[in-house]
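# Topology and contacts: notes
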Amino acid sequence: MNIGNRIKELRKARGLTQEQLANAIGISFQAVSKWENNIAYPDITLAPILANFFGVSMDELFDFSLAEKEKEIKEIVNKAYTYREDNPPKSREILEEGLKKYPENDILLNNLLYVITDPDETINISSKLIERTTDNEIKYDAFRFLAYAYKKKGDLTSAEHAIEQIPEIYFTDQR
């Protein structure tokens, strides 16, 4: 669902016309019509006003569900995992499609590291994950891939430095 459909749904649930909504938030009814017909989007500064008017959170206004996003990402990862060993290019394709919907998602990028063969690409993605992820498991996994990539390139000093960033407990964790 998009924002225009959501606004229409919320407006109708309150029994309002487009003109009544427009008057209530200080815009033209033509603007509301354009939103609801998916011709235009509301100015971002109107989002909190709309959410407050309808008594919904911003997430509800934009029809965003974190639980649904996490579920979809898990489904993408599980599907890609089924191809990881036997068909890495297919696994990569699935993950890259997922990244189109969820750009720069740490979980998808982490799983992509398992099917990348180019050390420079591995270094790039691993470094990005190390720099910004808040998930230590992903961060340490990225350091591990970074070390492998540097080793593959013959840069043993950088590989050793990457390994040194991983706590010893990571290697003994028996999950």
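Going by the structure above, here's the rest.
Residues numbered from 1 in each chain as written. Predicted model: local features only at pLDDT ≥ 70, side-chain atom pairs only at ≥ 80, totals over all residues. Heavy atoms only, no water.

On a plain count of helices and strands, the protein comes out with 12 helices and 0 strands. When the helices and strands of the protein are placed in sequence order, the string is α-α-α-α-α-α-α-α-α-α-α-α. Computed over the C-alpha atoms, the radius of gyration of the protein is 23 Å, more than 25% above the 16 Å expected from 2.2 N^0.38 for a compact globule of 175 residues. Its C-alpha atoms give the protein principal-axis dimensions of roughly 70 × 30 × 30 Å. A separation of at least 24 residues holds for 48% of the contacts in the protein among residues at least 6 apart in sequence. Distance between charge centroids for the protein: 5 Å, based on 23 positive and 30 negative side chains. (Helix = DSSP H or I, 4+ residues; strand = E, 2+ residues; numbered from the N terminus. Rg over C-alpha atoms; globule rule 2.2 N^0.38 Å. Contact = heavy atoms within 4.5 Å. Lys, Arg positive; Asp, Glu negative; His and termini not counted. Charge placed at Lys NZ, Arg CZ, Asp CG, Glu CD.)

A few words on the side chain of Asp 141. Examined against the element boundaries, Asp 141 turns out to sit in helix α10 (residues 136-152). Of the polar contacts made by the side chain of Asp 141, one reaches the side chain of Arg 144; its length is 2.4 Å. (Polar contact = N/O pair within 3.5 Å; in protein donor to acceptor, adjacent residues only side chain to side chain.)

Take the environment of Met 58 next. Mapping Met 58 onto the fold places it in helix α5 (residues 58-61). You can call Met 58 partly exposed: its relative accessible area is 35%. Sequence separation between Met 58 and Ile 125 is 67 residues; the distance between their C-alpha atoms is 31 Å. Excluding its chain neighbours within four sequence positions, the residues that come into contact with Met 58 are Ala 47, Pro 48 and Ala 51. (Buried < 20%, exposed > 50% of the residue type's maximum accessible area, 1.4 Å probe, protein only.)

Look at helix α9 (residues 119-132): 20 Å from first C-alpha to last across 14 residues, which is about the 20 Å you get at 1.5 Å a residue. When we look at burial in α9, the residues that qualify are Pro 119, Thr 122, Ile 123, Ile 125, Ser 126, Leu 129 and Ile 130. (Expected span 1.5 Å × (residues − 1).)

Here we take up the environment of Ala 22. Mapped onto the elements, Ala 22 comes out in helix α2 (residues 18-25). With a relative accessible area of 0%, Ala 22 lands in the buried category. Ignoring sequence-local partners within four residues, the contact set of Ala 22 consists of Ile 27, Ser 28, Phe 29 and Val 32.

With the exception of glycine, most residues fall at negative phi, and the peptide bonds are largely trans. Backbone geometry at Asn 38 places phi at a positive 60°, although glycine is not the residue there. Its place among the elements puts Asn 38 in the loop between α3 (29-36) and α4 (47-54). When its relative accessible area of 40% is taken as the criterion, Asn 38 is described as partly exposed. Residues other than glycine seldom take positive phi values, yet Glu 104 does so here, at roughly 60°. Topologically, Glu 104 is positioned in the loop between α7 (88-101) and α8 (106-112). What makes Glu 104 partly exposed here is its relative accessible area of 40%.

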